[in-house]
Amino acid sequence: MQRILTSAHAEQTINKSRFIAAVDYCENERAVAAALRKLASQHQGASHLAYAFRLKTEQGIVQRFSDAGEPSGTAGKPILQFLEGRDLINVCVGVIRYYGGINLGTGGLARAYGGTAKMALEAARTGPYVEMRQYRLQLNYNKLDQFVRELQQRHGEVRDKQFGEYVQLEITLPLSEEEWLIGRYGTP
C-alpha cells in the first residue's frame with residue numbers, strides 16, 4: 001500500500017469545460033470532509049465537485065465516491081479506479097468541473113474526470129504506507145529522554161505528555177515496532 005506524502009493539484013480544459021483536481025492525505029472521514037469543503041469554498045462557482053477516497057480503518061478499507069450529479073459512473077468511479085490501481089490509502093481526490101456549455105458524453109466525462117485525477121496523482125509524491133498505532137504509557141522522569149530518542153529512531157511520535165508523579169505519554173508508533181515497546185517498556 002502507498003500513501004500521499006504531498007498534496008497536489010492539476011488542471012485541464014476539455015471542450016470549454018475546466019477540470020481542477022486536488023489530492024490530499026486524509027486520516028479519516030472528518031479529514032476528507034474538511035478537504036472537500038475547502039476545495040468547494042475555493043471554487044464556489046463550479047458546476048460539480050466529484051470525489052473519491054480510500055481510508056484504512058480498524059474495520060478494513062473504506063472507499064467511497066460521488067458523481068456529483070453527473071451521469072452515474074462517469075465522475076467518481078473513474079477517480080476511485082486510479083486510487084485502487086495505485087493501491088493508495090488514506091487519500092482523497094476531488095475534481096471540480098466548471099461546465100463550458102458542451103456536453104462531453106459519458107465516455108468523455110469519465111476520461112476528463114479520471115484524467116484530471118490521474119494528473120494530480122502524478123504530481124503528488126507518494127511513499128509506503130506504514131500502519132501506526134496509538135499507545136498510552138507511564139514512565140519515570142529519568143527514562144523520558146532516552147525513551148523519546150528511541151521512539152524517534154523507530155519513527156514514532158509523542159502526541160501528548162502529562163506531568164504528575166510519573167510522565168503519562170500518548171504516542172504513535174509503527175505497528176511493526178510493538179514488540180520493541182512491550183519488550184523494553186512492558187506496555188502494549
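Residues numbered from 1 in each chain as written. Predicted model: local features only at pLDDT ≥ 70, side-chain atom pairs only at ≥ 80, totals over all residues. Heavy atoms only, no water.

Asker: How should I be thinking about the pairing of strand E4 (residues 48–57) in this particular structure?
Answerer: Side chains on a regular strand alternate between the two faces of the sheet. Counting buried residues along E4, 7 of its 10 residues qualify, which places the element largely inside the surrounding structure. Relative to strand E6 (residues 91–98), E4 runs antiparallel, the two being bridged by 7 bridges. Looking at E6, one finds that Arg54 is bridged to Val91. (Buried < 20%, exposed > 50% of the residue type's maximum accessible area, 1.4 Å probe, protein only. Helix = DSSP H or I, 4+ residues; strand = E, 2+ residues; numbered from the N terminus. Pairing = 2+ DSSP bridges.)

Asker: For this particular structure, what's the right way to read the pattern of salt bridges?
Answerer: Pairing of side chains with opposite charge becomes possible as their charged atoms draw close. Summed over all chains, the structure comprises 10 salt bridges. The partner of Asp87 in a salt bridge is Arg54, and the shortest N-O contact between them spans 3.6 Å. Here Arg54 lies in strand E4 and Asp87 lies in the loop between helix H2 (76–85) and E6, a separation of 33 residues in the sequence. Relative accessible area serves as the criterion here: at 7%, Arg54 is assigned to the buried category. (Salt bridge = Lys/Arg side-chain N within 4 Å of Asp/Glu carboxyl O.)

Asker: Where do I start with the sheet that holds strand E8 (residues 132–139) in this structure?
Answerer: For sheets, the rule is that strands pair by backbone hydrogen bonds, running either parallel or antiparallel. Within the open sheet, the 3 strands sit side by side as E8-E10-E9. Their pairing is antiparallel. One side of each edge strand has no neighbouring strand; the edge strands of this open sheet are E8 and strand E9 (157–163). The sheet shows a mean angle of 15 degrees between the axes of neighbouring strands, direction not considered. Docked against the sheet, helix H4 (residues 144–153) engages E8, E9 and strand E10 (167–174), running at close to 15 degrees with respect to E10. Sheet strands touched by helix H5 (residues 178–185): E8 and E10. Its angle to E10, the strand with the most contacts, is close to 150 degrees. (Axes fitted to C-alpha atoms, helices over the stretch in contact; angles between N-to-C directions. Contact = heavy atoms within 4.5 Å.)

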